[in-house]
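Structure at a glance
Below, each chain spelled out in residue letters.
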Amino acid sequence: MSTLTTLRGPARVVARQHRSTLRVAGLLALAGLVVVIGFALWTSHLIDEFDAGSCKASGVSGPACDQRIVDFNGSMSLFSSVLMYAGTALTVLPVIASAFVAGPLIARELESGTYRVAWTQSVTPARWLAAKLAVPTVLLVAGVTVLSVVLAWAQTRTAADFTVDWFDAQVFGATVPVVIGYTLLGIAVGALTGLLVHRTVAAMAVAVVVTGTVMVTLGTLRDGLWPLRTATTTNYGSSDVPLDSWVVGVGRLTASGDRLPMDVCRPYVDQAQEARCMAERDITGWFVDHHPATHLWPLQLVETGIVLALAALAVAVAFRVLRRRTV
């Protein structure tokens, strides 16, 4: 309790110092919520209205229905685009948070020397840094959680042919808990960068590069964070991979179990020539490496664990740097 009490004063100072930025960020978040919720409700109304009508998206019932189907598909496509843009904004938010913490929050005070005033007002350097981190952490974690939940709800309001895929970067990266993990990482990297680079603009640039690099790297390695499932079938069989699966790799399969690229023995105009090629290479079927939709949460938890470990490391190093600075 005493620790929380000692942080209240410095935290209030931080909030007052950056109240304009916090207000703008709050208004932008509120505007985003209104837009997403409004589009979701409007889309639900259009879907109900279309389903109640005589025209169906899969049929042709004359020029009037054709135009209505075109308008309906256009509206659904627009809503899908809105969801993608909203997901992209939420995904890049940790990078923005990192730049804000590195520059205006920490590096600017170190560059101008105003931190000395706080340190001489019975506020220890550790409490000063803790307060600097507490304010954006509480506000950003609460904000991204609400935004992510609303976005996930809106994604369920789309028509069947316009659903978003759970493994898309804009969807996966905007889902709780991984979006919270990246937000905390952005704050931690920003704090460490601000303490190491005492120039506001330079600290912001470095924080953006470091946070962005970590996010892109983990996004590239994401499909390997949980064991893949492999479905195999014969040359004339059909795969039992669910339609909502994340297909990572597809290829040819020989009788001995060797894997070959999918374009082996393709393209051939003559089917007999293609069959001869497959026989020569002993190709008996093909394989599909995939993540089913049930792998969403294992992938989320593993990636979040890695990100939180990196964030904790960055915070620990930041306090160590601060301690050395004050010795």
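Please refer to the structure higher up on the page.
Residues numbered from 1 in each chain as written. Predicted model: local features only at pLDDT ≥ 70, side-chain atom pairs only at ≥ 80, totals over all residues. Heavy atoms only, no water.

**What about the overall build of the chain?**
- Per the secondary structure count, the chain includes ten helices and four strands.
- The helix and strand sequence of the chain, counted from the amino end, reads α-α-α-α-α-α-α-α-β-β-β-α-β-α.
- Compactness check: the chain gives a C-alpha radius of gyration of 26 Å against a globular reference of 20 Å for 327 residues, more than 25% above the reference.
- The dimensions of the chain, computed from C-alpha atoms along their principal axes, are 85 × 55 × 35 Å.
- Counting over 327 residues, the chain shows a buried share of 40%.
- Once local pairs closer than 6 in sequence are excluded, the contacts in the chain between residues at least 24 apart make up 81%.
- Of the roughly 17,400 Å² that the chain leaves accessible, carbon and sulfur atoms contribute 65%.
- Positive and negative side-chain charges of the chain, numbering 24 and 21 respectively, have mean locations separated by a distance of 25 Å. (Helix = DSSP H or I, 4+ residues; strand = E, 2+ residues; numbered from the N terminus. Rg over C-alpha atoms; globule rule 2.2 N^0.38 Å. Buried < 20%, exposed > 50% of the residue type's maximum accessible area, 1.4 Å probe, protein only. Contact = heavy atoms within 4.5 Å. Areas by Shrake-Rupley, 256 points an atom, 1.4 Å probe, with all protein chains shown as cover. Lys, Arg positive; Asp, Glu negative; His and termini not counted. Charge placed at Lys NZ, Arg CZ, Asp CG, Glu CD.)

**So, the pattern of salt bridges**
- Tallied over the entire structure, the rule returns three salt bridges.
- Residue Glu109 pairs with Lys132 through a salt bridge whose shortest N-O separation is 2.4 Å. A residue pair is termed long-range when its members are at least 10 positions apart, and Glu109 in helix H3 (residues 63–112) and Lys132 in helix H5 (residues 125–155) qualify at 23 residues. Accessibility assignment for this pair places Glu109 and Lys132 in one class, buried. (Salt bridge = Lys/Arg side-chain N within 4 Å of Asp/Glu carboxyl O.)

**A short note on the packing of helix H2 (residues 19–52) against H3**
- Interaxial distance between H2 and H3 falls to 11 Å at its minimum, and their mutual angle equals 160 degrees. Classed by the angle they form, the pair H2 and H3 counts as roughly antiparallel. The interaxial crossing formed by H2 with H3 has left-handed handedness. Here Thr21, Val35, Val36, Phe39, Ala40, Trp42, Thr43, Leu46, Ile47, Glu49 and Phe50 of H2 lie close against H3, whose contacting residues are Arg68, Ile69, Phe72, Ser75, Met76, Leu78, Phe79, Val82, Ala86 and Phe100.
- For the contact of H2 with H3, the residue count by class is 16 nonpolar, three polar and two charged. (Axes fitted to C-alpha atoms, helices over the stretch in contact; angles between N-to-C directions. Parallel < 35°, antiparallel > 145°, perpendicular 65-115°, else oblique. Left-handed = near helix turned anticlockwise from the far one by under 90°. Nonpolar A, V, L, I, M, F, W, Y, C, P; charged D, E, K, R; others polar.)

**What about the pairing of strand S4 (residues 283–291)?**
- Burial analysis of S4 places eight of its nine residues in the buried class, the great majority of the element.
- One ladder, built from six bridges, connects strand S1 (residues 229–234) with S4; its direction is antiparallel. By the bridge assignment for S4, Thr232 is matched with Phe287.
- Judged from the eight bridges that link them, strand S2 (residues 246–254) and S4 form a sheet pairing that is antiparallel. Opposite Thr254, over in S4, you have Ile283 as the bridge partner. (Pairing = 2+ DSSP bridges.)

**Quick look at H2**
- Relative to the 50 Å expected for 34 residues at 1.5 Å per residue, H2 spans 49 Å between its end C-alpha atoms, a close match to the ideal helical length.
- Taken residue by residue, H2 has Leu33, Val36, Ala40, Thr43, Ser44, Leu46, Ile47 and Phe50 as its buried positions.
- Structurally, H2 contributes buried residues whose contacts are with H3 and H5. (Expected span 1.5 Å × (residues − 1).)

**A closer look at a positive patch on the surface**
- On the surface, a cluster of positive charge is made up of Arg12, Arg16, Arg19 and Arg23.
- Among the elements of the structure, helix H1 (2–17) and H2 are those that each provide at least two residues to the positive patch.
- Structurally, Arg19 can be placed in helix H2. (Patch = residues over 30% accessible without salt bridge, like charges linked within 9 Å, V, L, I, M, F, W, Y side chains within 5 Å.)

**Quick look at the sheet that holds S1**
- Taken in spatial order, the four strands make up an open sheet running S1-S4-S2-S3, and their pairing is antiparallel. Of all strands in the sheet, those with a lone pairing partner are S1 and strand S3 (259–261), marking the two edges. The sheet shows a mean angle of 40 degrees between the axes of neighbouring strands, taken without regard to direction.

**A word on the nonpolar core**
- Within the largest apolar cluster, 37 residues are counted, with the highest numbers of intra-cluster contacts made by Val101, Ile106, Trp128, Leu129, Trp166, Tyr182 and Leu195.
- Elements represented by at least two residues in this core include exactly H1, H3, H5, helix H7 (178–196), helix H8 (200–221) and helix H10 (296–326).
- No other element matches the nine residues that H7 contributes to this core.
- Apart from residues no more than four positions distant in its own chain, Leu195 is found in contact with Ile106, Leu110, Trp128, Leu129, Ala318, Val321 and Leu322. (Core = buried A, V, L, I, M, F, W, Y, C linked by side-chain atoms within 4.5 Å.)

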